Amino acid sequence: MGNSLKAVVAFVPSDECQKYLLEDLEEMPVDKMVDLSGRQLRRLPLHICSFRELVKLYLSNNNLTQLPPELEQLQNLQILALDFNNFRALPLAVCALKQLCILYLGNNKLCSLPLELRLLQNLRTLWIESNCLQQLPEVVCELSLLKTLHAGSNALRTLPTRLRGLCELRSIWLSGNLLAEFPSVLLHMPSLEVIDVDRNAIRYFPSLAHLPGLKLVIYDHNPCRNAPKVAKGVRRVGRWSEESPEPRKRSGAVIEISLSERPSPPPASKAEPEAEAC
């Protein structure tokens, strides 16, 4: 379909246009997955909500600002991708999808999350990066099975103390926020395996050597004067990471060690292995 026709579909969201655009999706897909990413949709076609056995629904990179209440009919949905849209508020119909394991909300315009999010007690992975969050919503602390939290590129300055109640949390990604201090709550979360605080404003790092599960800490691009102490075998990415935790001095000057190798950022694509954990 040409770009001109796609533009017409986007700006004239009639049932006829939607049907033409999605003419191959009139019946439930055999693989129980619907991918409507990058279709310039302004609303979700209602007939998609009739696919009661649907497990994966990708709506990334569209022009969505809301979703129909009928979405809650998809009670078997495990993966929902709403990233790269124009949501200013999370539609409450999403919070009724109690089988959700993975929810992508990144690159929207969210300033908060509804209290109803607590209903998603099967959620394992939550992406809320690149939004307008000035604080991590407290409701996130009620997602008891959460294992991975991506909250980078917001405007977070602190983390709620209740976060330590997430005993299943294994990785937290906080790159590109406004943290002036290392979040003290993370010091009380022994199950954490990955901590990413890259690109913040942290000047001092406490010791992380007491965290038994820690495998990787990323603290690069902070104005820090020390490297975090870690247990043997834990990988650090940042200044002085290949030396002792304290910088080596020579003639009063600090010798900085830079890494040529850096781990890849969290995957932009939808990771299927995580879906298998549902």
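Cut-off values and rules
- Residues numbered from 1 in each chain as written.
- Predicted model: local features only at pLDDT ≥ 70, side-chain atom pairs only at ≥ 80, totals over all residues.
- Heavy atoms only, no water.
- Helix = DSSP H or I, 4+ residues; strand = E, 2+ residues; numbered from the N terminus.
- Buried < 20%, exposed > 50% of the residue type's maximum accessible area, 1.4 Å probe, protein only.
- Contact = heavy atoms within 4.5 Å.
- Areas by Shrake-Rupley, 256 points an atom, 1.4 Å probe, with all protein chains shown as cover.
- Salt bridge = Lys/Arg side-chain N within 4 Å of Asp/Glu carboxyl O.
- Pairing = 2+ DSSP bridges.
- Axes fitted to C-alpha atoms, helices over the stretch in contact; angles between N-to-C directions.
- Phe/Tyr/Trp six-rings, centres within 6.5 Å; stacked < 30°, edge-to-face > 60°.
- Polar contact = N/O pair within 3.5 Å; in protein donor to acceptor, adjacent residues only side chain to side chain.
- pLDDT = per-residue confidence, 0-100.

A. Fine view of the overall build of the chain. When its secondary structure is counted, the chain shows three helices and twelve strands. In the chain, buried positions account for 47% of the 278 residues. Within the chain, contacts between residues at least 6 apart in sequence are counted, and of these 25% link residues at least 24 apart. Counting every atom, the chain has about 13800 Å² of accessible surface; 50% of that belongs to carbon and sulfur.

B. The pattern of salt bridges, seen in detail. This structure, assessed with the given rule, holds seven salt bridges. Among the salt bridges present, the one from Glu168 reaches Arg170, with a minimum N-O distance of 3.9 Å. Judged by relative accessible area, Glu168 falls into the partly exposed class, the value being 29%. Residue Arg170 is classed as partly exposed on the basis of its relative accessible area of 27%. Arg199 is the partner of Asp198 in a salt bridge, and the nearest nitrogen-oxygen pair spans 3.8 Å.

C. Structural view of the sheet that holds strand β5 (residues 125–127). Pairing in this open sheet of ten strands is parallel, and the strands run β1-β2-β3-β4-β5-β6-β7-β8-β9-β10 from one edge to the other. Every interior strand has two partners, whereas the edge strands, β1 (33–35) and β10 (235–237), have only one. Averaged over all adjacent pairs, the angle separating strand axes in this sheet is 5°, with direction ignored. Both β1 and strand β2 (residues 56–58) contribute to a ladder of three bridges, which runs parallel. For Val34, the partnering residue across the bridge sits in β2 and is Leu57.

D. Region of the structure containing the packing of aromatic side chains. Inspection of every chain in the model, using the stated rule, returns three aromatic pairs. When the centroid spacing of 5.4 Å and the interplanar angle of 35° are considered together, the rings of Tyr104 and Trp127 count as tilted. In this pair, Tyr104 is assigned in strand β4 (residues 102–104) and Trp127 in strand β5, connecting sequence segments 23 residues apart. What makes Tyr104 buried here is its relative accessible area of 4%. Taken together, Phe182, Phe205 and Tyr219 form an aromatic cluster joined through their ring pairs.

E. Structural view of the side chain of Asn177. You can see Asn177 is positioned in the loop between β7 (171–173) and β8 (194–196). One polar contact links the side chain of Asn177 to the main-chain amide nitrogen of Ala155, over a distance of 3.3 Å. One polar contact links the side chain of Asn177 to the main-chain carbonyl oxygen of Leu174, over a distance of 3.0 Å. Residues within four places of Asn177 in sequence aside, it is in contact with Ala151, Gly152, Ser153, Asn154, Ala155, Leu156, Arg199 and Asn200.

F. The arrangement of the environment of Leu187 in detail. Structurally, the position occupied by Leu187 is in the loop between β7 and β8. Separated by 21 residues in the primary sequence, Leu187 and Leu208 have C-alpha atoms spaced 6.9 Å apart.

G. Summary view of the environment of Met33. Residue position: Met33 is located in strand β1. Accessibility expressed as a relative area gives 29% for Met33, which makes it partly exposed. Along the chain, Met33 and Leu77 lie 44 residues apart, while their C-alpha atoms are 9.3 Å from each other. When sequence neighbours within four positions are dropped, the list of residues in contact with Met33 reads Leu54, Lys56 and Tyr58.

H. Region of interest: unusual backbone geometry. Residue Lys32 is not a glycine yet carries a positive backbone phi of 60°. Along the polypeptide, Lys32 turns up in the loop between α2 (15–21) and β1. Of the residues examined, Lys32 reaches a relative accessible area of 36% and is grouped as partly exposed.

I. The arrangement of the confidence of the model for the chain in detail. Of all residues in the chain, 78% attain a pLDDT of 70 or more, and the chain-wide mean is 85. This stretch, residues 244–277, has a pLDDT under 50; its non-local contacts, to residues over four places away or in other chains, come to 62 contacts.

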